[in-house]
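Chain by chain, the residues run as shown.
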Amino acid sequence: MKQSMLFVPTLRDNPKDAEISSHRILLKGGYIKQVAAGVYNYLPLGYKIIKNIENIVREEMDRIGASELLMPSLQPKDLWVESGRWDDYGKELIRLSDRHDRDFCLGPTHEEVVTEIIRDYVTSYKKLPLALYQIQTKFRDEYRPRFGIMRGREFIMKDLYTFHADDEDLDKWYLKVRGAYQRIFDRLDLTYRVVGANSGQIGGKSSEEFMVLCDIGEDSIIYSDESEYAVNIELVNLKEGDPSPDGKGYLKIAKGIEVGHIFKLGTKYSDSMKANFIDKDQKSKAIIMGCYGIGISRLLMSVLEQHNYEDHPLWPEEVTPFKIHILPLDKIDSSNELIARDLYLHLNEKYDCLYDDRDERPGVKFKDADLIGIKYRIIAGRKTSDKIFEFINVETNERFEMSMEDILKLEL
Ligand code: ATP
Ligand code: MG
């Protein structure tokens, strides 16, 4: 893509109200723009990364056999009364009424809506199991929206719901989803822990959270330095340095950002909303459920918290907005620029390239390139007339002089 056509409204100065790196980068680099407290625009560069994250999540959900649907944000009060949450959910639920004085809420989560879909459809064990997910905008009137899109009042979530005839099948699926989540967070190049957790507002029998280890996280977790053992500190009475309860290693404490949460719901919603099926033994039973969330927009910031240097992003391979950034340093339409453009046109057939065709000084181009954070950078400078360019790996700071021919042969 030509950079002149990419809308990236960068800020010259550091945004004053942003306290953490990821927030400063997203505002300064023109990735997001605030509309109201906890409500943001995702500008083209930010949205490109959001879509990359969504696609990883989609691939891993599809891989385990879940199917994607899209449910509405506007949800009628009746469903929430049925589940008992119209009263229980409290002030985080954004409530509104239509012109006929009928009450609605803006969905903070979708257990009610999805249970209503399947109770009308699943009447026999033959239709189970089922796994339905969506990537959709959620609304929660958070008491304290914070850190940009880390804790928004309107944010993007992936939510998956599974439906089963018995507990064994739920257990099997829970592990399948857990594995998919690990693949997602591995692909995002995150350092994280899976921790035993409290089930909070959603309810249900047991749950685990996926915590990205990071100093600005709101949760504290205690984990073993030698095994998978990890638990939210709220739930235990352990301290740093104690031997790990599983007998492997010693305990450490770290801050974590919750990026995912998986629950075995059991029959909480199918009981209250009467979602039953006829089992093999001809008996009517409540459908057993699981639900599983990932904070897509929160992930954007979490990835950035773990992948930046001196307030500059360094996007991991699978989320980078472009694969290669090409910076011609000569004036537009000069003979050198035409050669650089030729390189861009060829390379762009193979990789998603960003070409800085703007009529700007090299200093401006470099500064903006640092805010875009693409790992591979090609500079078309003094030796362009000989078709020689500088190829830079920004992450390792390795620099090579390369001919156009060799660049076009690269496998990145
Ligand atoms: P938190 O404790 O951070 O409020 P939660 O337990 O309320 O999170 P869930 O209901 O489990 O969150 O939602 C699933 C996922 O959605 C969370 O793991 C998190 O990644 C994301 N999420 C929740 N609330 C927000 C928010 N206000 N802004 C952005 N992402 C959020
Ligand atoms: Mg919450």
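Procedures and definitions
Residues numbered from 1 in each chain as written. Chains lettered and ligands numbered in written order. Predicted model: local features only at pLDDT ≥ 70, side-chain atom pairs only at ≥ 80, totals over all residues. Heavy atoms only, no water. Domains from an automatic or database assignment. Buried area = accessible area lost by both parts, 1.4 Å probe. Salt bridge = Lys/Arg side-chain N within 4 Å of Asp/Glu carboxyl O. Near = heavy atom within 4 Å. Polar contact = N/O pair within 3.5 Å; in protein donor to acceptor, adjacent residues only side chain to side chain. Areas by Shrake-Rupley, 256 points an atom, 1.4 Å probe, with all protein chains shown as cover. Helix = DSSP H or I, 4+ residues; strand = E, 2+ residues; numbered from the N terminus. Nonpolar A, V, L, I, M, F, W, Y, C, P; charged D, E, K, R; others polar. Core = buried A, V, L, I, M, F, W, Y, C linked by side-chain atoms within 4.5 Å. Buried < 20%, exposed > 50% of the residue type's maximum accessible area, 1.4 Å probe, protein only. Contact = heavy atoms within 4.5 Å. 1 Å grid on protein atoms, 1.4 Å probe; cavity = no way out; pocket = protein on both sides within 12 Å on 5 of 7 lines; lining within 4 Å. Points joined across faces, edges and corners; volume = space filled by probe spheres on them. Pairing = 2+ DSSP bridges.

(A) Spatial organisation of the domain arrangement of the chain. Assigned domains of the chain: these are domain 1 (3-312) and domain 2 (324-408). Summing both partners gives a buried area of about 1000 Å² for domain 1 against domain 2, and 54% of it is carried by carbon and sulfur. For the pair domain 1 and domain 2, the number of links is one salt bridge. Two residues, K48 and D352, come together in a salt bridge whose shortest N-O distance is 2.7 Å.

(B) View of the site of ligand 1. Taken together, 15 residues surround ligand 1, and among them E142, R151, G152, E258 and R298 come closest. At 2.8 Å from a nitrogen atom of ligand 1 is found a side-chain nitrogen or oxygen belonging to E142. G152 places a main-chain nitrogen or oxygen 2.8 Å from a nitrogen atom of ligand 1. Within the complex, 86% of the 580 Å² of free accessible area of ligand 1 lies under protein. Secondary-structure elements contributing two or more residues to the shell around ligand 1 are β8 (154-164) and β13 (251-266). It is β13 that contributes the most residues to the shell around ligand 1, four residues altogether. A breakdown of the residues in the shell around ligand 1 according to their chemical character gives six nonpolar, four polar and five charged.

(C) The nonpolar core, seen in detail. Formed by 60 residues in total, the largest nonpolar core has its most connected members in M61, Y181, F185 and L188. Per-element accounting of this core gives the leading share, eight residues, to helix α6 (residues 167-187). Once residues within four sequence positions are removed from consideration, Y181 is found in contact with M61, K158, F210, G260, H261, I262, Y292, G293 and I294. Grouped together as the second largest cluster of nonpolar side chains are 26 residues, V122, L128, Y161 and A275 included.

(D) Just the layout of surface pockets, in detail. The volume enclosed by the second largest pocket comes to roughly 320 Å³. If you trace the second largest pocket, you find 17 residues lining it, with D17, H23, L27, Q34 and Y40 closest to the centre. With three residues, the single largest contributor to the lining of the second largest pocket is strand β1 (residues 32-36). Residues belonging to the lining of the second largest pocket are distributed by class as follows: nine nonpolar, four polar and four charged.

(E) Just empty space enclosed by the protein, in detail. Using the criterion set out here, one finds one cavity of 30 Å³ or more in the structure. Here the largest cavity is characterised by a volume of approximately 50 Å³. Lining the largest cavity are W315, P316, E317, T320, F322, K323, I374, K375 and Y376. Residue classes in the lining of the largest cavity are distributed as five nonpolar, one polar and three charged.

(F) View of the environment of T384. Structurally, the position occupied by T384 is in the loop between β21 (376-380) and β22 (388-393). We classify T384 as buried; its relative accessible area is 0%. A sequence separation of 188 residues divides T384 from G196, and the C-alpha atoms of the two residues are 57 Å apart. Among all residues touching T384, those that are not within four sequence positions of it are N336, I339, A340 and F389.

(G) Structural detail: the pairing of strand β11 (residues 219-224). Most of β11 sits inside the fold, with six of its six residues counted as buried. Burial along β11 is two-sided: the face carrying D219, I221 and Y223 and the face carrying S220, I222 and S224 are both buried. In this structure, β11 lies alongside β13, joined through six bridges in antiparallel fashion. Bridged to S220 within β13 is K255. In the sheet, β11 pairs with strand β12 (residues 230-232) via three bridges, with the strands oriented antiparallel. Across the sheet, residue I222 finds its bridge partner in β12, namely V231. As consecutive antiparallel partners, β11 and β12 are separated by five residues.

(H) Local environment of the side chain of K375. By secondary structure assignment, the location of K375 is in the loop between α10 (362-372) and β21. A distance of 3.5 Å separates polar atoms of two side chains, one belonging to K375 and the other to Y376. Ignoring anything within four residues of it in the chain, the contact list for K375 reads E317, I392, N393, V394 and E395.

(I) Layout of the pattern of salt bridges. Applying the stated rule across the entire model yields 36 salt bridges. Linking E318 and R187 is a salt bridge whose minimum nitrogen-to-oxygen distance equals 2.8 Å. Here R187 lies in helix α6 and E318 lies in the loop between β18 (312-313) and β19 (324-328), a separation of 131 residues in the sequence. Of the residues examined, E318 reaches a relative accessible area of 34% and is grouped as partly exposed. For R399, the salt bridge goes to E390, with nearest N and O atoms at 3.2 Å. A single salt-bridge network, built from bridges that share partners, covers E59, E60, R63, R183, R187 and E318.

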